[in-house]
Amino acid sequence: MNELTEKEALNKVAAFCASAEHCRQEVEDKLQKWGVGGDAIGRILTTLEAEKYLDEDRYCRAFVRDKFRFSKWGKLKIKEALYVKGISSSVAWRHLNEIDETEYLAVLREVLASKRSGIRAKDEYEFRAKLLRSAMSRGFELKDIRLCMEIPWDE
């Protein structure tokens, strides 16, 4: 495979960014995979950000919206996925806090309701524990799960 020039790499990665939202880390990984040198990567990323091909806020907003609405992930799982992608905690929480609380709890109730029918348990305690673990694995916070399951805190 021929080495890409910096201009070719910029054009190719700009087309990549124009097709869908990508974070800085994804683009940097793609450039490294293509064999672009470190200094050139920095210049390309700066150019992409200046020309608004890359925008951390825009990417984060789209990622939070998609993972919440389509994948039905809770805030903690979304936050962790953003952390892995190199998005700062302050940016992530700014967009996570934009999720409407009523809609958030409605999605959690929907997740719990869909999981209920598939749980096999020998007693109520085991049933609730499995339901709780399932919701926590989707990234929902314990306080919200307990609220939606109507579990008192003193149990």
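Note that the structure is predicted; figures quoted are calculated from it, not measured.

### Some remarks on the nonpolar core
Alright, step 1. One finds Ile78 and Leu82 to be the most contacted residues of the largest nonpolar core, which totals 30 residues.
Alright, step 2. Counting residues per element, the ones that place at least two in this core are helix H4 (56-69), helix H5 (75-84), helix H6 (89-96), helix H7 (101-116), helix H8 (124-137) and helix H9 (142-149).
Alright, step 3. With 6 residues, the single largest contributor to this core is H7.
Alright, step 4. Membership of the second largest hydrophobic core comes to 14 residues, among which are Cys17, Leu31, Ile41 and Leu48.

### Here we look at helix H3 (residues 38-50)
Alright, step 1. Taking 1.5 Å of rise per residue, the 13 residues of H3 would be expected to cover 18 Å, and the 19 Å separating its terminal C-alpha atoms lies within 8% of that figure.
Alright, step 2. Of all the residues in H3, the buried ones are Ala40, Ile41, Ile44, Leu45 and Leu48. The arc that holds the buried residues of H3, viewed along the axis, is 135 degrees, so those residues lie on one side. Exposed and oriented more than 90 degrees from the buried face of H3 are Asp39 and Ala50.
Alright, step 3. On its buried face, H3 is in contact with helix H1 (6-19) and helix H2 (24-33).
Alright, step 4. Looking one or two residues beyond H3, the residue adopting positive phi is Lys52, at roughly 65 degrees.

Cut-offs applied
Residues numbered from 1 in each chain as written. Predicted model: local features only at pLDDT ≥ 70, side-chain atom pairs only at ≥ 80, totals over all residues. Heavy atoms only, no water. Core = buried A, V, L, I, M, F, W, Y, C linked by side-chain atoms within 4.5 Å. Buried < 20%, exposed > 50% of the residue type's maximum accessible area, 1.4 Å probe, protein only. Helix = DSSP H or I, 4+ residues; strand = E, 2+ residues; numbered from the N terminus. Expected span 1.5 Å × (residues − 1). Arc of directions from axis to C-beta. Contact = heavy atoms within 4.5 Å.

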